[in-house]
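If you want the building blocks of each chain, they are given just below.
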Amino acid sequence: MKADSVKIADGVYWVGALDWDARDFHGFAVPGMTYNAYLVFGDEKVALIDNVYDGFYPEMWARIEDAFAKEQKEIKIDAFVINHIENDHIGSIPEFLEQCPDVECYCTQAASMGIKRQHHCLADQEFNVITTGDTLDLGGKTFTFINAPMLHWPDSNFTLYNEEGILFSNDAFGQHICESKRYDVDVDPAYLALHAKKFYANLVQLSASMVLNKVAEMTEAGYLDNLTMIAPCHGQIWTQPGTIVELYAKWAKGEADEKITVIYETMHHSTQKMAHQIVEGIMSEGVEAKMHFIRYDPESDILADILDSKAIVLGVPTMMNNPYPKIGNLLAYLSCVSPANTGVRKTAAVFSSKGWAGGAIPKLTESLTAAGFDVLEDEAVEEIYVPDENDLDKCYELGKKLAQMVKE
Ligand code: FEO
């Protein structure tokens, strides 16, 4: 196959893969994905940074061949840096090591163990263990390694290319999109920010403060004095790295917008009507409202809207004295990945419809409280069968009251 590399700096090439067809990545709804890998040419050695998912090796190798052709050099890769060992970055490692058996591999201790547990064929593979401050000299070009445990796995590592000020950050600062051009400035800024936010909300936010601490630590150490780019392993390369660092700071501090996310499911349109009236109440105060219909909207999209909302409203019908079961996935997801679990407090309100005994309201309240939300129990709205005008007025007033709260 033919696939071109993209030169991003002197002697530095993007040699990753474009997964145009991806729509779901372990439950994360994506409009395609990229698996970014980079090839760095020093005066004496050539290094490959990271790798690609199962099935994408031919594409990466074609780009590597193209990069060597552009540099007018025989193909020989001396060093292989593995910043993270989730399968989207190491799935093709066995093929790569079969083709380049003499390459020196560099990764953290946790990575060396984890690779062997995922690729049993590599049980005897040798890895050079890297710790923070270790360097690799390619001849005129040097890397400094910065271990970044739990950003977002124990094995995670950042690699800083000192001379050009490029931080290869792996998952941190990434976005799950697939575009034909490689830079932040090549795509609509709002689209890019939306997908960076979604990536952060679903994959990074539990480690948010650690990302910021790591950036502060690197700044203090002078590692970022000449930062020109952040080159993550997914999505666009940040040529204006301050943009994404500032966004991460905002999200990690829990700074939210005057915005409320309303999430609902319905059986016979009763909670649907209630949700619509709640949104009308929010809108009446000039506050932004986002609406999510659970059966159609992926949890990963809902989480992105919750991230920068000051409050959420959650409503489902009652079914056999419990919340309508379609809410189950979202509640389970919120119990593990929620802004509230990072210490950020958000307000929540709940609503439901019932035929007779009820039971959804206390269960929703319990689940959201356990996930770390401050639930306004006295504001819950519950109606019988089909909401009448009085019920709908209560919903409108709930939306209005929440909107007034988030404006305070
Ligand atoms: Fe892109 Fe944690 O893998």
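Since this is a predicted model, take the numbers as computed values, not measurements.

*Asks:* Would you explain the sheet that holds strand β16 (residues 229-232) in this entry?
*Replies:* Backbone hydrogen bonds are what pair the strands of a sheet, in a parallel or an antiparallel way. The mixed open sheet is built from five strands, whose spatial order is β12-β13-β14-β15-β16. Unpaired on one side and paired on the other, β12 (135-137) and β16 mark the two borders of the sheet. Averaged over all neighbouring strand pairs, the angle between strand axes comes to 20 degrees, with direction disregarded. Two elements, β12 and strand β13 (residues 142-147), share three bridges in a ladder whose sense is antiparallel. The residue bridging Asp 137 from the neighbouring strand is Thr 142, located in β13. Those strands touched by helix α6 (residues 208-220) are β13, β14 (157-161) and β15 (166-170), and its axis lies near 140 degrees from that of β13.

*Asks:* Explanation requested: the domain arrangement of the protein in the structure shown.
*Replies:* According to the domain assignment, the protein contains domain 1 (6-252) and domain 2 (261-407). In this complex, domain 1 contributes 12 residues to the contact, which on the side of domain 2 involves 17 residues. The contact between domain 1 and domain 2 buries some 1,100 Å² in all, and 58% of this surface belongs to carbon and sulfur atoms. Our count for the contact surface shared by domain 1 and domain 2 stands at two salt bridges.

*Asks:* Would you mind showing me how to read the packing of helix α5 (residues 189-204) against helix α9 (residues 299-307) here?
*Replies:* A pair of packed helices is characterised by two quantities: the angle between their axes and the separation of those axes. Axis separation between α5 and α9 bottoms out at 8 Å; the angle between their running directions is 100 degrees. With respect to their mutual orientation, α5 and α9 come out roughly perpendicular. In contact with Lys 197, Lys 198, Tyr 200, Ala 201 and Asn 202 of α5, α9 contributes Glu 299, Ser 300, Asp 301, Leu 303, Ala 304, Asp 305 and Leu 307.

*Asks:* Can you walk me through helix α8 (residues 270-283) in this structure?
*Replies:* In an α-helix there are 3.6 residues to a turn, and that puts residues three or four apart on one side. With 14 residues, α8 extends 20 Å from end C-alpha to end C-alpha; this agrees with the ideal 20 Å at 1.5 Å per step. When we look at burial in α8, the residues that qualify are Ser 270, Thr 271, Gln 272, Met 274, Ala 275, Ile 278, Val 279, Gly 281 and Ile 282. Where α8 is buried, its residues contact β17 (257-264), β18 (288-293), β19 (309-319), β21 (347-354), β23 (381-384) and α12 (389-407).

*Asks:* So what exactly am I meant to see when it comes to the layout of surface pockets here?
*Replies:* Over the atoms rolls a probe the size of a water molecule, and in doing so it shows where empty space is left. The computed volume of the largest pocket comes to approximately 320 Å³. In terms of lining residues, the largest pocket is bounded by 19 residues, among which Met 267, Thr 318, Ser 353, Lys 354 and Gly 355 are the most central. Of all the elements in the fold, those that place two or more residues in the lining of the largest pocket are α8, β19 and β21. Each residue belonging to the lining of the largest pocket can be placed in one class, and the counts come to eight nonpolar, 10 polar and one charged.

Cut-off values and rules
Residues numbered from 1 in each chain as written. Predicted model: local features only at pLDDT ≥ 70, side-chain atom pairs only at ≥ 80, totals over all residues. Heavy atoms only, no water. Pairing = 2+ DSSP bridges. Helix = DSSP H or I, 4+ residues; strand = E, 2+ residues; numbered from the N terminus. Axes fitted to C-alpha atoms, helices over the stretch in contact; angles between N-to-C directions. Contact = heavy atoms within 4.5 Å. Domains from an automatic or database assignment. Buried area = accessible area lost by both parts, 1.4 Å probe. Salt bridge = Lys/Arg side-chain N within 4 Å of Asp/Glu carboxyl O. Parallel < 35°, antiparallel > 145°, perpendicular 65-115°, else oblique. Expected span 1.5 Å × (residues − 1). Buried < 20%, exposed > 50% of the residue type's maximum accessible area, 1.4 Å probe, protein only. 1 Å grid on protein atoms, 1.4 Å probe; cavity = no way out; pocket = protein on both sides within 12 Å on 5 of 7 lines; lining within 4 Å. Points joined across faces, edges and corners; volume = space filled by probe spheres on them. Nonpolar A, V, L, I, M, F, W, Y, C, P; charged D, E, K, R; others polar.

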